[in-house]
Amino acid sequence: MRKKWLFILTMVMLISVLVLSACGGNQSNNTAPTTDGGDKPKEEVKPTDDGKTYLFKAGHSLTEDHPYQLALVQFAKAVEDRTNGKVKFEIYPLSQLGAERELTEALTLGTADMSISSTGPISNFYPQMGVVDLPFLFESREQAYKVLDGEVGQELLKGLESVGIVGLAWAENGFRHITNSKRPIQTPADLKDLKIRTMENPVHMAAFEALGAKPTPMAWTEALTALQQGVVDAQENPAIVADKYKLYEANQKFMTLTGHVYSPAIMMFSKAVFDTLPNEYQQIIREEAKKAGDYERELIAKMEQDSLNVLKEKGVQIIENVDKKPFRDAIKPVYEKYGKQFGEDLIDKIINTK
Ligand code: EAX
């Protein structure tokens with residue numbers, strides 16, 4: 001009888017040990033197994049709840065089907081998900097919160113929350129940013145990404161804080177090309193006395209003066225009317241902007257693929273607003289802005305050829321394989337002038353980044 005009870009006790013203890021070790025195994029491994037049998041890192045840390053909810057407005061100057069918008073939509077969803085719905089965004093395209101220069105100024109003043117904008121107007125508030133707007137500075141997206149995602153670009157983003165802006169991440173507007181209502185542009189001589197709308201950007205204005213044109217700076221919101229009414233003959237923007245804004249309906253009959261400026265864009269937050277957020281929310285916003293900026297760059301690169309095809313279908317004469325050397329030579333005085341302002345070493349460093 002004694003042996004029988006001893007056996008039963010032993011079996012009960014053995015079964016208990018087996019059951020406990022099985023449970024303990026699940027608790028210690030609170031990560032989902034991956035397909036390769038490894039363990040994924042722990043899920044993103046969920047921020048401690050400060051009990052507050054935040055609703056921000058994010059604006060830009062382009063259309064609802066442009067990568068600026070699509071990137072902000074992805075960004076907003078990711079931030080809302082990761083903050084358990086505590087940080088939300090309303091997105092305003094079509095310059096509804098103001099044209100790029102106006103909205104950038106509002107960020108510096110803390111009267112607007114967030115934007116994605118081309119760098120063009122930013123140099124009115126942070127002059128050093130103008131270095132990236134130098135024509136023919138970037139020969140390829142790869143070079144641009146290396147520079148902007150490296151020390152030079154990160155320093156430029158950091159420098160924005162001196163004027164009240166948090167530069168969250170680089171994105172892309174695209175390579176800018178020239179459209180006009182008058183004639184095919186093949187050489188700088190074809191630009192002579194052409195009234196061209198430029199961004200409110202001193203480097204661009206100097207460049208088009210050096211090319212013999214008549215630069216007329218204005219916000220994008222005014223540009224469309226000016227083109228339609230013939231106040232200006234030309235403008236310069238990536239093909240996707242010309243497509244989404246149907247510039248073929250604004251007398252733009254010719255597009256010359258000069259690619260004269262690689263136009264970066266920046267996802268920005270007002271520092272006065274950003275600083276009111278708990279650090280964990282700030283970190284989430286920074287992380288998701290970087291992801292959204294990378295996503296936006298991919299979209300721009302993918303959509304560029306589609307937009308060129310649309311412009312061709314709509315009757316725009318596309319002038320391709322342009323000899324860029326005469327254009328580069330004509331704007332050398334711009335490099336001499338701005339080399340002193342931005343630093344010749346910095347410009348050389350950017351140009352020599354391969
Ligand atoms: O940022 O104003 C411009 O030409 C800009 O390239 C455009 O609004 C996209």
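What comes next is a walk through the structure. (Residues numbered from 1 in each chain as written. Predicted model: local features only at pLDDT ≥ 70, side-chain atom pairs only at ≥ 80, totals over all residues. Heavy atoms only, no water.)

Each helix and strand in the protein was counted, giving 13 helices and nine strands. Looking at the protein as a whole, 51% of its 354 residues qualify as buried. Taking the intrachain contacts of the protein between residues at least 6 apart in sequence as the baseline, contacts between residues at least 24 apart amount to 76%. Looking at the protein as shown, the accessible area adds up to about 16,900 Å², and 55% of this sits on carbon and sulfur atoms. (Helix = DSSP H or I, 4+ residues; strand = E, 2+ residues; numbered from the N terminus. Buried < 20%, exposed > 50% of the residue type's maximum accessible area, 1.4 Å probe, protein only. Contact = heavy atoms within 4.5 Å. Areas by Shrake-Rupley, 256 points an atom, 1.4 Å probe, with all protein chains shown as cover.)

Right, let's talk about a negative patch on the surface for a bit. A cluster of acidic residues, Glu336, Glu344, Asp345 and Asp348, forms a negative patch at the surface. If you trace the backbone, Asp348 turns up in helix α13 (residues 344-351). (Patch = residues over 30% accessible without salt bridge, like charges linked within 9 Å, V, L, I, M, F, W, Y side chains within 5 Å. Salt bridge = Lys/Arg side-chain N within 4 Å of Asp/Glu carboxyl O. Lys, Arg positive; Asp, Glu negative; His and termini not counted. Charge placed at Lys NZ, Arg CZ, Asp CG, Glu CD.)

Next up on the list: the pairing of strand β7 (residues 234-237). Where a strand is regular, its side chains alternate between the two sheet faces. Because side chains alternate across β7, one face comprises the buried residues Ala234 and Glu236, and the other comprises Gln235 and Asn237, equally buried. Where strand β4 (residues 165-180) lies against β7, four bridges are found, and the strand directions are antiparallel. In the strand pairing of β7, Ile178 is matched with Glu236. By the bridge criterion, two bridges tie strand β5 (residues 195-198) to β7 in an arrangement that is parallel. Each residue of the ladder has a partner; that of Arg197, found in β7, is Gln235. (Pairing = 2+ DSSP bridges.)

A word on the site of the ligand. Taken together, the residues surrounding the ligand are Ser61, Leu62, Tyr68, Glu100, Ser118, Asn173, Arg176, Arg197, Met199, Trp220 and Asn237. With respect to the ligand, the side chain of Asn173 contributes an N or O atom lying 2.8 Å from an oxygen atom. One of the side-chain nitrogen or oxygen atoms of Asn237 is found 2.7 Å away from an oxygen atom of the ligand. Burial of the ligand by the protein chains amounts to 99% of its free accessible area of 270 Å². A breakdown of the residues in the shell around the ligand according to their chemical character gives four nonpolar, four polar and three charged. (Near = heavy atom within 4 Å. Polar contact = N/O pair within 3.5 Å; in protein donor to acceptor, adjacent residues only side chain to side chain. Nonpolar A, V, L, I, M, F, W, Y, C, P; charged D, E, K, R; others polar.)

Applying the stated criterion across every chain yields a total of 22 salt bridges. Its salt-bridge partner being Lys291, residue Glu288 comes within 2.9 Å of it at the nearest N-O pair. Within this pair, Glu288 and its partner Lys291 are both found in helix α10 (residues 279-313), separated by three residues, close to a single helical turn. The partly exposed category is assigned to Lys291, whose relative accessible area is 40%.

A few words on unusual backbone geometry. Peptide bonds are mostly trans, and most non-glycine residues show a negative phi. Its identity as a non-glycine residue notwithstanding, Asn251 has a phi of 70°, on the positive side. The partly exposed category is assigned to Asn251, whose relative accessible area is 31%. Phi at Asn321 takes a positive value of approximately 50°, unusual for a residue other than glycine. Assignment of secondary structure puts Asn321 in the loop between β9 (317-319) and α11 (325-330).

With that settled, consider the environment of Ala207. Position of Ala207 relative to the elements: it lies in helix α6 (residues 202-210). It is 9.8 Å that separates the C-alpha atoms of Ala207 and His260, two residues lying 53 residues apart in sequence. Look past the residues within four positions of Ala207 in its chain and what remains in contact with it is Pro135, Ile331 and Val334.

The next point concerns the packing of helix α4 (residues 141-149) against α10. Two elements in contact, α4 and α10, have axes whose closest approach is 13 Å; the angle formed by their N-to-C orientations is 165°. In terms of axis orientation, α4 runs roughly antiparallel to α10. Crossing of α4 over α10 shows right-handed handedness. Here Arg141, Tyr145, Leu148 and Asp149 of α4 come into contact with α10, specifically with Arg297, Ile300, Ala301 and Glu304. Residue composition of the contact of α4 with α10, by class: four nonpolar, no polar and four charged. (Axes fitted to C-alpha atoms, helices over the stretch in contact; angles between N-to-C directions. Parallel < 35°, antiparallel > 145°, perpendicular 65-115°, else oblique. Left-handed = near helix turned anticlockwise from the far one by under 90°.)

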